Each structure stands twice: as C-alpha cells, then as structure tokens.
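In case you want the letters, here they are:
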Amino acid sequence: MTSNFRHLLAATGIAAAGTTSPALAIDPFFPDFGNDGINVLHYDISLDVEPAAGTISGKAAITLRAPRTLDRFALDLHALPVSEVLVNGTAADFSRKGDKLEITPAKSLLSGEKVNVTVAYGGVPDPLADPTAPGDNLFLGWFNHRKSAYVVSEPVGASTFFPANDEPTDKATYRFKITVPEGYTAVANGTLVAQTPVDGKRRFIWSMTEPMTTWLATVHVNKFTADLRHAPDGTPISLYVPEGTPQSHIDGLAKAGPMLTYFETLIGRYPFRSYGSVIVKDPKLYYALETQAMSTFPEDASPPDEAFVSHELAHQWFGNSVSVAKWEDLWIAEGAATFFETWWQHRKDRAAFDQAMLDIYDYVVAQNLGPAVVDRPEDLFSDRTYYRGGAALYALQLQIGDSSFFNIMKHFAQDNRGRNVTSEDFIATAVRFSGDGSVRTLLESWLYDDAVPALPGKAKRTARTGPVPRPDIVGGRCGRGSHRGAPAACG
Ligand SMILES: [Zn+2]
C-alpha cells in the first residue's frame, strides 16, 4: 500500500463516522455480510439451549427501522433452519439465499417506520469459516464443546446463532433470554437481570443497554461457578469459571476491578454498567476476546496474567464502546489495547514503559511493518494492527507529552461513547485537543505510509543490529495465548 491510500479513503467516504449511524454500510472487507437497507435498534434473543445435544431453539424479536421504503430486506443467518418470520405480527414470506434470510413482508416497510420482526429458528449451530485466515481451518461464532457452548465472533460470526445485520456500524441494544438445563449457567453480555426456573429448566436474562456491535455479542453455557465482586469505584465485576478452576485464576481475573478504576483516572468513566469475565474450557480456543462487558478468556491463558486482563479491559473503552466504522481501522482498538496493556504493566516505572514501547518500535522497524490501517481482511489481526498501531500512539505521546496524550484518549473515548469512528476521527480529535497541527502529519505517516516513521524527540534511535525479538504482547492471532492451535501463518 502506498501513502496515496488515504486519499482513496477520503474519496470513498464513510457514512457512519462518529455517529450512531443508520446502518447503510456494507464493509468492503466482508461484502457478503450486512444489509444496506435496515437499521437495527434492538435484538431480543431467546434461546433454549441443550448443551448435551448441541442444539439451540431460538426466537429473535428484532426492532428495526428502514431509512427508506422497502419491499424486502435481508438478515444474515448461517445454516440454522427458520420456521417462521413475522413482521409487525403478520406472517411474512421468507427464503434462504446462501447465508441471507430474505424477508418479504405482507406490507412494504415505510421510510422511517419502526418495525418488529420476529424470526423463529433452531438447530445445531455451525461455525463459519474465518474469512481473515483463509486455509487456516479457523472458525467463528457459536461452538459446542463437551456439553458446553460458547461464542467468539470477531469479525463476522454472529449469524451462527441469531439473525443479524452483521456489519460493524449497526449497533443496537440487546436482551438475551437463555434457557438451560438445571445445573447449567447461561452467561451473556451486560448485566444479569433475572434468573428464574421454567419447566424444570433455568432461564437467565441478560441485558446490554448500551449500543453493541454484532461481533461482540456472546453467549456461554456451562456448569459455571460465579464469583461476584465490585471494582473500587462500585462497578459490579462478575467472574464465571468452569467447575474446578483454581482460586488463583479467579483472583487473576478479578484484578480487572482495580484496573478498571485506575483506567478511569486516565480515560474517563467505564462505559458499561458492569464488567465480567468468563473462561472457556476448550483447548481449541487459543485467544481472548473483548466480548462487550463480559470478556472471554481461553483456559489456555490461565492463570490469566495482567497483560491479558488489562488488554481486554482496555478494549471496553477502545473497540467496544467506541468501535470502528470500518474494519481497516481496527488499529484504533488494538493499538490502544496494546498501549494500555503495556502502560498498566509499567505504570509505576516510566523507564520500563518507555523501554517496552521502544522494543515494540524496534520490532516494527526490524519487520518493516506496513501502515497501521490495513487494506485486506487477511491483515486484520496482523502485527501491523497491533504493533504498529500501538507504536503510533506511543509516537503521539512522545510528540505532545503525557498530559495532552491522555486528554486526547479520554476525549476520544468519552465524546464518541457508543459510536463508530474512523482513523480520521482520531486524527481530528488529536489535532483539536493537542492544539498542535503537526500531529496530523505524524499520525498520517504512522497510519497510512509504507515506511516506518522515526519516533519524535529524544526517543529517536538508530536501528538495532542483530535480530529483534517479537515483544511479548497479547496481540492478535499470532500473539500471546496463541501458542496452542495458532494458525499456520503465525509460524
Ligand atoms: Zn485486542
């Protein structure tokens, strides 16, 4: 990619930048997902889960709005058979075309009209081949494993368990009603608002009242032990671990409480009502995922060290509350998580923090990593997104100083809460709150240019001689936690 790429970006335009947008975008990385006609406001997802059989029986009540008159529209739904579709309570015609559920309502949707769509569906969920790792035999979405179930969807796995407008800008609120056999616990995003016995089973109701993008939606069903605590600021912290998990692992996850309160001093109020962590006991899962307000950790990463916990927690501000409008800008989330994971570990020793970031910079130089904004899905979880993205933020910090840097990060997180953003939004925020026009040039070179820029000021350094080791960050498909079952491409 050349530096001309940014002009191309500007020309294509981004409808959703910095807004709680109507979802009129289809992401160029994944053109088979998402719908350019509807804007989902709320998903009410009822699932009856039979972990022993691996089946789900679902009903999704979806509130949506059509920005223009529509005779038909579509949702993403992978594999699961559909038995009935209602639009405003009236049966609608529907058909399946690949992974699209095409719906023709009895009456056209009127422009701006709020519409209730109910889809009854069920079967054995079938994970989707991961389009970011072609040929790597990786999958996304709902997984059944030894009479338990879990979901990791980034970037496009949501349609394996509910009919979705699976496109990053169509954020919505969610309610999950998950019914499971007695002895099991169902976990989902947000806050557990009720659990009630129903016909010899147990129903767990979870509520996510802040906007959430589809790929962050999660459900876990297992025989969990729950540990409920509070962060020092009062935010409820819940931990769900499989039976037999050692106390030390639970205590490791619980460090999210003090971290959360500390991060608030740097980047402002935690964006959700509660936070939680859940451990998946499937050796095939080799990475953690920042599922909104309920991060998912692989058992393989146990005991979860502070790098893992701080990385997924930082994503709640950067990546979840403020999330990318286009996948190519994922560095905004992963660069920030890399930065804050490193900052947390060395927060009491500035020299050690600088050294850790310089190690990352040296690695970026040694690998000649391309721009942080990536131009194809295969690079989404690459070192460019994580290492060069993190180094870009460090370069900004060096240029303008800690106080101005954290003020920018705080404004970016708080002023865009619940919204989708682009790299240009970040650059504009950095210029505005630093009052320093030169940060535009600095950031553009880090985000769009092939050549690795020099670091500003005293950190300018000559190239290291000899091999530069890969810094040990959580980062991506090839980072920590990926030592078992990692894709072949990671080497
Ligand atoms: Zn991450």
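Remember, predicted model here, so these are calculated numbers, not experimental data.

How each quantity is defined
Residues numbered from 1 in each chain as written. Predicted model: local features only at pLDDT ≥ 70, side-chain atom pairs only at ≥ 80, totals over all residues. Heavy atoms only, no water. Phe/Tyr/Trp six-rings, centres within 6.5 Å; stacked < 30°, edge-to-face > 60°. Helix = DSSP H or I, 4+ residues; strand = E, 2+ residues; numbered from the N terminus. Buried < 20%, exposed > 50% of the residue type's maximum accessible area, 1.4 Å probe, protein only. Pairing = 2+ DSSP bridges. Polar contact = N/O pair within 3.5 Å; in protein donor to acceptor, adjacent residues only side chain to side chain. Contact = heavy atoms within 4.5 Å.

(A) Structural detail: the packing of aromatic side chains. Counting across every chain of the model gives 36 aromatic pairs. Ring geometry for Trp142 and Phe161: centres 5.7 Å apart, planes at 45°, overall tilted. Placement of the pair is Trp142 in strand β10 (residues 139-145) and Phe161 in the loop between β11 (148-152) and β12 (172-181), with a sequence separation of 19 residues. Like Phe161, Trp142 is buried. A ring pair is formed by Tyr286 and Tyr287, whose centres lie 5.1 Å apart and whose planes are at 75°; its orientation type is edge-to-face. Residue classification places Tyr286 among the buried positions, given a relative accessible area of 2%.

(B) Up close: the pairing of strand β19 (residues 275-280). With six of six residues buried, β19 is to be regarded as a mostly interior element. Neither face of β19 is left uncovered, since the one carrying Tyr275, Ser277 and Ile279 and the one carrying Gly276, Val278 and Val280 both have all their residues buried. Sheet analysis places strand β18 (residues 236-242) next to β19, joined by four bridges and oriented parallel. Following the sheet pairing, Leu239 is matched in β19 by Ser277. Note: β19 against strand β20 (residues 295-298), four bridges, orientation parallel. When the sheet's bridge partners are listed, Val280 is paired in β20 with Pro298.

(C) Focus on the side chain of His315. Note on placement: His315 falls in helix α4 (residues 306-317). Reaching out from His315, the side chain makes a polar contact with the backbone oxygen of Phe318 at a distance of 3.0 Å. Setting aside chain neighbours within four positions, we find His315 in contact with Glu290, Asn320, Ala333, Glu334 and Ala337.

What is shown is where atoms sit, not what they do.
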